[in-house]
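A look at the structure
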Amino acid sequence: MKVEYEKISPDTGSSFRLIHWKSENDRFFWHYHPEYEIVFVKKGSGKLHIGEHLTNYEQGELVFIGPDLPHTGFGYGVIGEHEEIVVQLRKDFLGEDFLQKPEMQHIRELFEIAKQGLSFHGKAQKLVANKLQKMLQLSHFERLVELLNIFQILATTKEYSILNSDNVRFDFSHKDEDRINKVYEYVELNYKQSIDIQAVADIANLTVPSFCRYFKKISHITYTDFVNEFRINQACRLLFENMPIADICFEVGFNNISHFNKTFKQLKGKSPRDYKIEMNING
């Protein structure tokens, strides 16, 4: 379970990185990097956590994430198969003055607002999704040309939503990464039982009030909300194994069914029973 600065290198023979990635049931990965990142979710749905923006995403999601904007891996919280195409690049991937060229005006503006995180929909989303899938079969030069076309589409469409306010700021250090990483590992190992906040604060070498403030500042989510979210994601996996809902409640660390059902509905938008029906889970 990692919470870290992600080091990214361009593909050999290319000025950027193109990834066709498949996963199943990823672990929590809260990270940041100085590169811009386009993510297209070809298959799967799950949790979208970018900066302060926390919601669910569906298959077909297309986002453009600016530099140093923390986010989880898109495979986190996914049940079953997950597939995505990702492009990662630095602002100066074609030279320091690339975005200053007059032809790049709209793209320059796109890169600026992408620092808040953008989610695209409609015709623009479909066009870019097709181009990203096509890029996988192209030469490095052809990929570059296609990427510029993608940026032009994203820069000239109105079919997008801004995910964070323009004044949101996140401060990270390697000390923070190590500390938070230990906290997440503790939750992963102990979520089935009652988690003592004092024990977690001790791991972070902080008092309980200081830890609660620290965790919220770093992750933009309360510690209690994080633990509940982790438990509910485990519950979803157990639903697919046809474990009875009442048994799942206690298996993932809740001490009463009413609280479990309420929390599940808050996070998933539906009760555990309705979730099973929607996901076509037998049993």
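See the structure shown above.
The structure contained in this document is the topic of the report that follows. (Residues numbered from 1 in each chain as written. Predicted model: local features only at pLDDT ≥ 70, side-chain atom pairs only at ≥ 80, totals over all residues. Heavy atoms only, no water.)

Digging into the environment of M243
- Within the secondary structure, M243 sits in the loop between α7 (223-240) and α8 (245-251).
- Note on M243: relative accessible area 24%, which makes it partly exposed.
- For M243, the residues in contact, after removing those within four places along its chain, are L238, I248 and E251. (Helix = DSSP H or I, 4+ residues; strand = E, 2+ residues; numbered from the N terminus. Buried < 20%, exposed > 50% of the residue type's maximum accessible area, 1.4 Å probe, protein only. Contact = heavy atoms within 4.5 Å.)

Let's talk about the packing of helix α1 (residues 105-113) against helix α3 (residues 140-156)
- Their axes nearest at 8 Å, the elements α1 and α3 cross at an angle of 75 degrees. Our classification of the angle between α1 and α3 gives roughly perpendicular. Residue-level contacts link H106, I107, L110 and F111 of α1 to L148, F151, Q152, L154, A155 and T156 of α3.
- For the contact of α1 with α3, the residue count by class is 7 nonpolar, 3 polar and no charged. (Axes fitted to C-alpha atoms, helices over the stretch in contact; angles between N-to-C directions. Parallel < 35°, antiparallel > 145°, perpendicular 65-115°, else oblique. Nonpolar A, V, L, I, M, F, W, Y, C, P; charged D, E, K, R; others polar.)

What about α7?
- For α7, built from 18 residues, the straight-helix expectation of 26 Å at 1.5 Å per residue is met to within 8% by its first-to-last C-alpha distance of 27 Å.
- Within α7, 15 of the 18 residues are buried, which leaves the element mostly enclosed by the surrounding structure.
- Looking one or two residues beyond α7, the residue adopting positive phi is N242, at roughly 65 degrees. (Expected span 1.5 Å × (residues − 1).)

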